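Structural overview for review
Single-letter residue listing:
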Amino acid sequence: MSNTLFIMGMVALTFIPRYVPFLLAGKISLPHWAKRALHYVPIAVLTAIVAQASLIHQGVVQIDLNNHHLLAAMVAFFVSLTTRHMFFTILMGLLSFLLARWLL
Amino acid sequence: MQHHRTTLLLRGMRDTLPLILAAIPFGILFGAAAISQGLSVFTTMAMSLFVYAGASQFIAVTLLASSTALPVILMTVFIVNLRHMLYSAALMPQVSKLKQWMRIPLAFWLTDETFAVVSHRDMAQPDAPGWATYYLGSALAMYGNWIFCTWVGMTIGQQIPDMTTWGLDIALIVAFVAIVVPALRKRADWACALTAAVVAVLCFDWPNQTGLLFAALSAIGVGLLLDRTTTSDAGQQHV
């Protein structure tokens with residue numbers, strides 16, 4: 001397999017899962033349960049990504065004060081819960097991360 | 001109208017900024033790693049230009065270096081990208097309003113980051129006009145940044161320190177938290193998020209991000225289950 005062919009394969013296999021639902025949008029009507037399921041996609045996937053990125057460090061689960069990612073994520077969680085403000089949440093999360101790095 | 005479009009495009013870019021910051025070290029690392037594994041400048045850039053999927057590109061470079069069989073690499077790439085099928089499905093209601101030709105570039109540019117930013121806007125302002133323009137702003141900012149960082153990594157990647165240890169991915173973490181938390185309204189939403197977090201941590205060492213996919217699917221299942229229970233309860237009350 002040549003390099004070009006290999007890359008074309010990668011292009012196809014990356015593109016197809018993204019494109020098929022877009023292609024079908026409006027052409028097929030989803031069953032009721034599937035429509036309900038779509039509501040949970042952002043919550044489910046983004047939370048899973050956050051959990052792995054904040055709790056796992058160098059291949060182990062790390063829950064302590066040395067995990068600055070986790071500390072900042074917790075701060076962001078409570079700020080977002082009380083204010084629901086996106087920019088403020090991100091700002092406080094980043095600031096708490098810098099503060100933790102500096103102090104702890 | 002023209003002014004309005006530009007504003008939307010810029011707003012999409014602006015809302016993606018924290019996620020761009022988090023992506024920079026990985027773009028540079030990809031460029032540097034690909035070159036040091038012996039990939040040509042052309043192949044490396046072609047991946048960022050035409051594949052445009054961070055995880056797939058890293059897997060390809062790593063597996064090529066360990067001389068894994070090419071069909072195995074392609075299969076792995078496909079599995080890693082199944083998560084994006086969920087994203088794409090979740091955006092179907094909005095995409096159904098768009099012309100078919102527009103769906104091709106938008107699908108190509110679909111990433112974790114653009115999905116997060118766009119679905120946040122959908123939750124905050126459902127049916128807001130200019131969906132595709134906003135999406136495009138976010139996507140172009142991510143794409144431009146990825147290509148630029150790949151180029152930086154290829155050219156001066158060996159001379160600059162490894163930025164992935166700086167912890168810039170914190171920007172992605174707090175941005176995703178800021179997007180998810182306001183979306184947690186019903187009991188089923190909370191149960192869904194909790195399941196996602198617990199399963200993702202339990203399955204973190206599954207290969208090729210399958211733990212992530214499994215966590216997402218389990219969490220959607222839990223949400224759906226509680227959702228159904230609640231609606232049927234409500235139904236019974238009406239009877």
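For the structure, check the block above.
Residues numbered from 1 in each chain as written. Chains lettered and ligands numbered in written order. Predicted model: local features only at pLDDT ≥ 70, side-chain atom pairs only at ≥ 80, totals over all residues.

1. Some details on the overall build of chain A
Our working rule: Numbering goes from the N terminus for both helices and strands, where a helix is a DSSP run of H or I of at least four residues and a strand is a run of E of at least two. It is over C-alpha atoms that the radius of gyration is taken, and the globule rule equals 2.2 Å times the number of residues to the power 0.38. Labels follow a simple rule on C-beta atoms placed from the backbone: if 20 or more others lie within 10 Å of a residue's own, it is buried; if 12 or fewer, it is exposed; otherwise it is partly exposed.
Counting secondary structure elements, chain A contains 4 helices and 2 strands. Counting helices and strands in the order they occur from the N terminus, chain A gives α-α-β-β-α-α. Computed over the C-alpha atoms, the radius of gyration of chain A is 20 Å, more than 25% above the 13 Å expected from 2.2 N^0.38 for a compact globule of 104 residues. Considered along the principal axes of its C-alpha atoms, chain A spans approximately 50 × 45 × 25 Å. Put simply, chain A has 104 residues, and 43% of those count as buried.

2. Brief notes about the overall build of chain B
When its secondary structure is counted, chain B shows 12 helices and 0 strands. Counting from the amino terminus, chain B carries its helices and strands in the arrangement α-α-α-α-α-α-α-α-α-α-α-α. For 239 residues, the compact-globule estimate of 2.2 N^0.38 gives 18 Å, and chain B sits close to it at 20 Å. Taking the principal axes of the C-alpha coordinates as reference, chain B spans close to 70 × 50 × 35 Å.

3. Here's the deal with the environment of Ser138(B)
Residue and element names in this part refer to chain B. This is how the line gets drawn: It is the C-beta atoms, placed from the backbone, that decide contacts: two residues are in contact if theirs lie within 7 Å.
Within the secondary structure, Ser138 is located in helix 9 (residues 131–156). Among the residues examined, Ser138 registers 28 C-beta atoms within 10 Å and is labelled buried. Sequence-distant contacts of Ser138, that is, excluding residues within four places in its chain, are made with Gly12, Met13, Asp15, Thr16, Thr114, Val117 and Val118.

4. Structural notes on the nonpolar core
The following threshold applies: Note on definitions: a nonpolar core is a set of buried residues drawn from Ala, Val, Leu, Ile, Met, Phe, Trp, Tyr and Cys, linked by C-beta atoms within 7 Å.
If you look at the biggest cluster of nonpolar residues, it comprises 108 residues, and the most contacted ones within it are Ala44(A), Ala48(A), Val174(B), Phe176(B), Ala196(B), Ala216(B) and Ala219(B). If one sorts the elements of this core by residue count, helix 1 (residues 2–36) of chain B sits on top with 15 residues.

5. Focus on the packing of helix 2 (residues 32–55) of chain A against helix 11 (residues 187–202) of chain B
Our working definition: Fitted lines through C-alpha atoms serve as axes, helices being fitted only where they are in contact, and the angles separating the N-to-C directions of these axes extend from 0 to 180 degrees. When an angle is under 35 degrees it counts as roughly parallel; over 145 it counts as roughly antiparallel; between 65 and 115 it counts as roughly perpendicular; any other value is oblique. In this scheme the handedness of a crossing depends on how the near helix is turned from the far one: anticlockwise by less than a right angle means left-handed, clockwise means right-handed. The classification used treats Ala, Val, Leu, Ile, Met, Phe, Trp, Tyr, Cys and Pro as nonpolar, Asp, Glu, Lys and Arg as charged, and all other residues, Gly among them, as polar.
The geometry of helix 2 of chain A relative to helix 11 of chain B is characterised by a closest axis approach of 8 Å and an angle of 40 degrees between their N-to-C directions. Judged on the interaxial angle alone, helix 11 of chain B and helix 2 of chain A are oblique. Between helix 2 of chain A and helix 11 of chain B the crossing geometry is right-handed. Taking contact as the criterion, the partners of Tyr40(A), Ile43(A), Ala44(A), Thr47(A), Ala48(A), Ala51(A), Gln52(A) and Leu55(A) in helix 2 of chain A are, on helix 11 of chain B, Asp189(B), Cys192(B), Ala193(B), Ala196(B), Ala197(B), Ala200(B) and Val201(B). Looking at side-chain class alone, the contact of helix 2 of chain A with helix 11 of chain B contains 12 nonpolar, 2 polar and 1 charged residues.

6. Things to note about helix 2 of chain A
Just so we agree on the cut-off: To estimate the expected span of a helix, count its residues, drop one, and scale the result by 1.5 Å. At every residue, the bend is computed as the angle between two fitted axes, covering the seven residues ending there and the seven beginning there respectively.
If you check helix 2 of chain A, its first and last C-alpha atoms are 35 Å apart, about what 24 residues at 1.5 Å a residue would give, namely 34 Å. Bending of helix 2 of chain A peaks at approximately 40 degrees at the position of Tyr40(A), with proline Pro42(A) no more than four residues after it.

7. Section: unusual backbone geometry
If you check the backbone angles, Gln58(A) has positive phi at about 50 degrees while not being a glycine. A positive phi angle, close to 50 degrees, is found at Tyr52(B), a residue other than glycine. Here Tyr52(B) falls in the buried class, since 22 other C-beta atoms lie within 10 Å of it.

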